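Given next are the chains, with one letter for each unit.
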Amino acid sequence: MSLTLADVEKIANLARLELTEAEKKQYLEQLSAILHYAERLNELDLTDIPPTSHAIAQQNIMRPDVAEPSLPMEDLLHNAPQQKENQFVVQAVLDDGGSA
Amino acid sequence: MDISKLSLVELRAMLRRGEISSVAATEAMLDRIVDVDNDLQSYLTLTDELALEQAQAADTRLANGDSTPLLGVPVAVKDIICTEGVPTTAGSKILEGFVPPYDAFVVQKLKAAGAVILGKTNTDEFAMGSSTENSAYVTTRNPWDHERVPGGSSGGSAAAVAAGLAYAALGTDTGGSVRQPASFCGIAGLRPTYGRISRWGVIAFASTLDQVGTFGRTVADTTALFQAIAGHDPNDSTSLNVPVPNFEAALTGDIKGLRVGVPKEYFIEGIDAEVETAVRRAIAKLEELGAEIVEISLPHTSYALPVYYLIAPAEASANLARYDGIRFGPRVTGSDMIDSVKKTRALFGPEVKRRIMLGTYALSAGYYDEYYGRALKVRTLLKQDFLNAFEKVDVIATPTSPTTAFKIGENVDDPLAMYLQDIFTLSVNLSASCGLSVPCGFDSKGLPIGLQLIGNALQEATILNAAYAYEQFASWHKQLPVHGKL
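Read on for an overview of the structure. (Residues numbered from 1 in each chain as written. Chains lettered and ligands numbered in written order. Predicted model: local features only at pLDDT ≥ 70, side-chain atom pairs only at ≥ 80, totals over all residues. Heavy atoms only, no water.)

**What about the sheet that holds strand β5 (residues 188-191) of chain B?**
Residues and elements named next belong to chain B. For clarity, the cut-off: Note on pairing: DSSP must find at least two bridges between two strands before they are called paired. By the criteria applied, helices consist of DSSP H or I runs no shorter than four residues and strands consist of E runs no shorter than two, each listed in order from the N terminus. Where helices are involved, their axes are fitted lines through C-alpha atoms of the stretch in contact, as for all axes, and angles between N-to-C directions lie from 0 to 180°. What makes two residues a contact is simply this: any of their non-hydrogen atoms within 4.5 Å.
As summarised here, the arrangement of the eleven strands in space is β1-β3-β2-β4-β6-β5-β10-β11-β9-β7-β8, forming an open sheet in which the pairing is mixed. Taken across any chain shown, the strands that pair with only one partner, and hence form the sheet edges, are β1 (43-46) and β8 (292-296). The mean angle between the axes of side-by-side strands here comes to 25 degrees, regardless of whether they run parallel or antiparallel. Pairing of strand β2 (residues 74-78) with strand β4 (residues 168-172) involves two bridges; the strand directions are parallel. Within the sheet, the bridge partner assigned to Ala76 lies in β4 and is Ala169. Against the sheet, helix α8 (residues 273-288) contacts β7 (259-263), β8, β9 (395-399), β10 (434-442) and β11 (448-455), and its axis sits at roughly 50 degrees relative to β11.

What follows is the structure in structure tokens.
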């Protein structure tokens, strides 16, 4: 199928990617070509074929519920772009009025 | 004696006999890196001081009669594998300056084995690519022809090993990223079975397809590194809790009675004639060595590429959601929180954005069944092809790549042409088989050609021994590239 520019913008928003106008045009063309190529999968009759969602099927791998040492807080915060009092600092996500 | 020309196995034996020191071997590698790597650009980060410390410690232990599996052997690690205290970028600007607080399990294993880590090698951004041109940092060149790519995504590791800048190296292989660069650079590269090696601390691309792999100039070298890092890890619930065979001891060179399948779907239009000739000749050698050649069919082969390019981007789009500029990596501040995340994620390179977009679309409401869901079902058929084949044969032999190394810039504007590079390798990942590439000749331009050998899940010993038998006979690994000029 062919995508539209609106589709590209919608996907970019879902993926939280800021794209330039040039990128949008380029991806519109390239993604349409790749999806068109992928449509050859429609040739196959997949009735009753189960999906394979894992490389090697394993289920419920458990470990004993025993506390183990974790990395020191300062090591884990070391890479943060902004931190304060052992926490990651981000912009406000709630409205100024605090109504949320 | 040129220390850099020794194989890992030769070096290890000399270290144990006290005929050479780890410091001397490490210095030889570091000197050579200074000479050659300005042109080649295989390393992103050199850890020379750490390496010399590790080498000194190894020499002390060697003098005391210690002999852990890789004691004193200098190796390289792909820069998508976390190393404590050493920058790890995944070839991406979005991880610029990131210094992991821990070692990946495989790096812990390397250190426990006594290896000396020379540095971190270049990679396509988040391992997405077949030429290493998608690295946000440098363009690695092929040691056999500096105008050509080394393959990818583990192109830095492959080029470093081929050029004698490490005795062996770690890579990762999600769709062929160890085997194809091994083929392009004329060395041996193994992609083990999914679950054979822990992925803990390996930056995720596609979680049902990713696996750590190993490079060596010889099959035995590749095997020695693999042996050191294989095994169960409680921190990776997908790592298999099964015994690890003695792979090195399995290299007997005896392949009498081995059943080698040749799938007709892999000798198709579009494959380079010189590649086909070399691979067919290699298969004939296997027969001379006592193998039985069987024509087989993997009927769904032509669907592997579209399946892969739906599943891998879908998994990637989920895995890469974590790069939001909040907990690690750079942050680009925008008008609000969401805007900051979007602006920060604009640091991803074009191929990564393309795959995130593709994956997001394939998983989005209304298209999930049509694209991702359908791809998962065809994956079942592909897997069944291999299981059926492995009832008749022990090993499947194919070309690793349809061509030899292409020129830098040749495929960058056409993603589909670049994706076709992986056409012979990615079924191994989709079917959870294991595979390797071993050199099987050169084309008329002097570029290496690779033979791919595929085995059933957990049958690495079988394919390694077949490759070893072939290598002993063919000796392509004795030809080394010439460096120092562009």
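**Description of the packing of helix α2 (residues 22-40) of chain B against helix α3 (residues 48-63) of chain B**
Residues and elements named next belong to chain B. As a reminder, the rule being used: By definition in this entry, angles of less than 35 degrees are roughly parallel, angles greater than 145 are roughly antiparallel, angles of 65 to 115 are roughly perpendicular, and the rest are oblique. Handedness of a helix crossing follows the sense of rotation of the near helix relative to the far helix, less than a right angle counterclockwise being left-handed and clockwise being right-handed. Each residue is assigned to one of three groups, with Ala, Val, Leu, Ile, Met, Phe, Trp, Tyr, Cys and Pro labelled nonpolar, Asp, Glu, Lys and Arg labelled charged, and all others, Gly among them, labelled polar.
α3 packs onto α2 with a crossing angle of 160 degrees between their chain directions and a minimal axis gap of 8 Å. For the element pair α2 / α3, the angle class is roughly antiparallel. Crossing geometry of α2 relative to α3 is assigned as right-handed. Listed contacts from α3 to Ser22, Val23, Thr26, Glu27 and Leu30 of α2 are Asp48, Ala51, Leu52, Ala55, Gln56, Ala58 and Asp59. Here the contact of α2 with α3 is composed, by residue class, of six nonpolar, three polar and three charged.

**Some thoughts on the environment of B:Thr83**
Residue and element names in this part refer to chain B. Convention followed: Under this definition, polar contacts are N or O atom pairs within 3.5 Å; protein pairs additionally need one hydrogen-donor-capable and one acceptor-capable atom, and for neighbouring residues in sequence, both atoms have to be side-chain atoms.
Turning to its location among the elements, Thr83 is positioned in the loop between β2 and α4 (105-113). For the pair formed by Thr83 and Ala168, sequence separation is 85 residues and the distance between their alpha carbons is 17 Å. With sequence-adjacent residues up to four places away left out, Thr83 is seen in contact with Thr88, Pro100, Tyr102, Asp103, Val107 and Lys120. Only 3.2 Å separates the side chain of Thr83 from the side chain of Thr88, close enough to count as a polar contact.

**So, the pattern of salt bridges**
Going by this rule: What counts as a salt bridge is simple: a side-chain nitrogen of Lys or Arg found within 4 Å of a carboxyl oxygen of Asp or Glu. Any residue under 20% of the maximum accessible area for its type is buried, any over 50% is exposed, and the rest in between are partly exposed; the area is computed with a 1.4 Å probe on protein chains only.
What the rule picks out here adds up to 21 salt bridges over all chains. A salt bridge links B:Glu19 to B:Arg17; its shortest N-O distance comes to 2.7 Å. B:Glu19 sits in the partly exposed class, given a relative accessible area of 48%. Overall, B:Arg17 belongs to the exposed group, its relative accessible area being 55%. B:Arg196 serves as the salt-bridge partner of B:Glu460, at 3.0 Å between the closest nitrogen and oxygen. Here B:Glu460, found in helix α15 (residues 460-474), pairs with B:Arg196, found in the loop between β5 and β6 (212-216); they are 264 residues apart in sequence, far enough to count as distant. Residue B:Glu460 is classed as buried on the basis of its relative accessible area of 0%. Each of A:Glu9, A:Glu21 and A:Lys24 takes part in salt bridges that share partners, so that together they form one network.

**Quick notes on α4(B)**
Regarding α4(B), the residues found buried are B:Phe105, B:Val106, B:Val107, B:Leu110 and B:Ala113. Contact partners of the buried residues in α4(B): β2, β3 (116-121), β4, β6 and α7 (219-229) of chain B.

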